[in-house]
Amino acid sequence: MKLKDFLKDNLLLILLTILIGGSGFYFLVLHPKFRITHAPKLLKAVVVVKTNKLNYATNERLLVTPGDDPVLQAVVIAKKQGDSEPTYFSVSKHLKIDGKMIPEDRIETWDTFKWKDVRILWFKIEPVVKPGKESQPFSYQNIQYKSQFQYNWPLQWTHALDVNGFANTYPRQNFGFMRFRIRAEIKKSIVNVVQKCYSPGPDDVDSDNIISSDVFGVQYAPAKTPFGYAVSLFNLAFVPSIDFSRYPGGKDPVSERIAVDSVSYFTEAMRMAGHSEIIQGNIDSLLKHIQIIIKGVHLDKKKEVYVDKKGNPVKTSRLKKGMFITDGKRIGMYAGEGSFAVGKLHVLTPDDRVLYAPSLPLYYEEFGSYFEGPFSIGEVR
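This part is about the overall build of the chain. Along the backbone of the chain there are six helices and 23 strands. Counting the 381 residues in the chain, one finds 47% classified as buried. Pairs at least 24 apart in sequence give 60% of the contacts found in the chain among residues at least 6 apart. Accessible surface computed for the chain: about 19,500 Å², of which carbon and sulfur atoms make up 53%.

Right under this line is the structure:
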């Protein structure tokens, strides 16, 4: 009778104790296991980019600028238990993948309460010339695609676009073309990966060693101008020369965003700007389209400033970023003032910058290192 009375008098407390104990057992013991065993089956990973100009994220190859606020995002395609169709897990509500809009009812965010967290590991992929092949004419077989894990990136679904190169020490800044790969994984413990999947990566090449267009790539330019387009070709493999006549049907290394030579930085920039009549990689074709603004520019060694053919200092107010600098054989682009020393400001000097590829990748070089004169300054009309 005492037990009955005790149970009767303390029924609510007993039920509450059972409820709390059962809940604790579930959340401490069962739920962590269910979050792993009931997680959707990972099938495929996709890298996409989201800009403020689009209401969807896409894996299309875009050319973006800082004004687009570009953000890299991961998409994990997985199949939930009991579902016949895969779900696209994404932080974006709208997706365009491989040219098709994904139905909105197939897109959702990963439920970290129901399922174990998905860790996203980010990799950059950059084409480089194989060691010992640097001085040879371009061949796809001389290219290797280096991959680097971004160890300083948090293992999260989104990142602001970062295209800083890693394979070459120069140039290295946040403009240019870069490919990306992700690995999505679910871990049971620090060393126990229970599920993983990848997006296409450096091993996805054809018989000619051309990396697949399925490998996500994005082109980042400071502006949609000829100068910006030239800068957006940073991080491609630099080669001494490319025989573009070998690629009459396309698949040339510049169009594939694999390799570039000194001249095609500028011919490609102008073709991107709408001048399709300029022949790729042909300096004579480019020179024919340049309208000269200032002739006979040369260095006055006593004054350490550049003067025109009449001996007048060339004021930088007459110049615009992206104007061509040419001596008939070499070509570069005016990139801006590089010195603020008294007496030099706003007058073209050897310290000012020219965008030039002197048997090295395109970069902001000093005028005085390569152009003494006479040279001309002009622009494509």
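Next comes the rest of the account.
What follows concerns the packing of aromatic side chains. For any pair of aromatic rings, the description consists of the separation of the ring centres together with the inter-plane angle of the planes. Tallied over the full model, the rule gives 23 aromatic pairs. Where Phe175 meets Tyr220, the ring centres are 5.2 Å apart and the plane angle is 45°; that geometry is what we call tilted. Placement of Phe175 in the loop between β11 (158-160) and β12 (176-187) and of Tyr220 in strand β14 (residues 217-220) is noted, with a sequence separation of 45 residues between them. Like Phe175, the residue Tyr220 is buried in the burial classification.

With that out of the way, let us pick up the sheet that holds strand β23 (residues 375-380). Note on sheets: strands pair through backbone hydrogen bonds, and any given pair is parallel or antiparallel. The strand order across the open sheet formed by seven strands is β18-β17-β23-β19-β20-β21-β22, and the pairing between neighbours is antiparallel. In this open sheet, the two edge strands, each paired with only one partner strand, are β18 (305-307) and β22 (363-366). Direction aside, neighbouring strands of the sheet carry axes that sit 40° apart on average. The sheet contact formed by strand β21 (residues 353-356) and β22 spans four bridges and is antiparallel. Bridged to Arg353 within β22 is Glu366. Sheet strands in contact with helix α4 (residues 264-272) are β19 (324-326), β20 (331-336), β21 and β23, and its direction is about 70° off that of β20.

Trp110, Ile120, Phe180, Leu286, Phe324 and Leu355 are the most contacted members of the largest nonpolar core, which has 75 residues in total. In terms of residue count, β12 provides more of this core than any other element does, six residues in total. In this structure, Phe324 is in contact with Phe266, Met270, Leu286, Ile290, Ile331, Gly332, Met333, Ser376, Ile377, Gly378, Glu379 and Val380, ignoring residues within four places of it in sequence. Membership of the second largest hydrophobic core comes to 16 residues, among which are Ile294, Leu299, Tyr356 and Phe367.

Moving on: a nonpolar patch on the surface. On the surface, Phe149, Tyr151 and Leu155 cluster together into a nonpolar patch covering about 320 Å² of accessible area. Along the chain, Leu155 falls in the loop between β10 (143-149) and β11.

Next up on the list: a negative patch on the surface. Together, Asp98, Asp203, Asp204 and Asp214 give the surface a local cluster of negative charge. By relative accessible area, which is 70% here, Asp203 ends up exposed.

One pass over the structure, following the stated rule, counts two cavities of 30 Å³ or more. In this structure, the largest cavity encloses a volume near 40 Å³. Every residue along the wall of the largest cavity is listed here: Val129, Lys133, Gln136, Pro137, Phe138, Ser139, Asn142, Ile143 and Val239. Residue composition of the lining of the largest cavity, grouped by class: five nonpolar, three polar and one charged.

With that out of the way, let us pick up the confidence of the model for the chain. Put simply, the chain has an average pLDDT of 90, and 88% of its residues get 70 or more. Every residue in residues 25-31 is under pLDDT 50, and counting partners more than four places away or in other chains gives eight contacts.

This part covers the side chain of Asp308. If you trace the backbone, Asp308 turns up in the loop between β18 and β19. The side chain of Asp308 sits in the buried core without any salt bridge; Arg318 is the nearest counter-charge, 4.1 Å away. At a separation of 2.9 Å, a polar atom in the side chain of Asp308 contacts the main-chain amide nitrogen of Lys310.

What counts as what
Residues numbered from 1 in each chain as written. Predicted model: local features only at pLDDT ≥ 70, side-chain atom pairs only at ≥ 80, totals over all residues. Heavy atoms only, no water. Helix = DSSP H or I, 4+ residues; strand = E, 2+ residues; numbered from the N terminus. Buried < 20%, exposed > 50% of the residue type's maximum accessible area, 1.4 Å probe, protein only. Contact = heavy atoms within 4.5 Å. Areas by Shrake-Rupley, 256 points an atom, 1.4 Å probe, with all protein chains shown as cover. Phe/Tyr/Trp six-rings, centres within 6.5 Å; stacked < 30°, edge-to-face > 60°. Pairing = 2+ DSSP bridges. Axes fitted to C-alpha atoms, helices over the stretch in contact; angles between N-to-C directions. Core = buried A, V, L, I, M, F, W, Y, C linked by side-chain atoms within 4.5 Å. Patch = residues over 30% accessible without salt bridge, like charges linked within 9 Å, V, L, I, M, F, W, Y side chains within 5 Å. Salt bridge = Lys/Arg side-chain N within 4 Å of Asp/Glu carboxyl O. Lys, Arg positive; Asp, Glu negative; His and termini not counted. Charge placed at Lys NZ, Arg CZ, Asp CG, Glu CD. 1 Å grid on protein atoms, 1.4 Å probe; cavity = no way out; pocket = protein on both sides within 12 Å on 5 of 7 lines; lining within 4 Å. Points joined across faces, edges and corners; volume = space filled by probe spheres on them. Nonpolar A, V, L, I, M, F, W, Y, C, P; charged D, E, K, R; others polar. pLDDT = per-residue confidence, 0-100. Polar contact = N/O pair within 3.5 Å; in protein donor to acceptor, adjacent residues only side chain to side chain.

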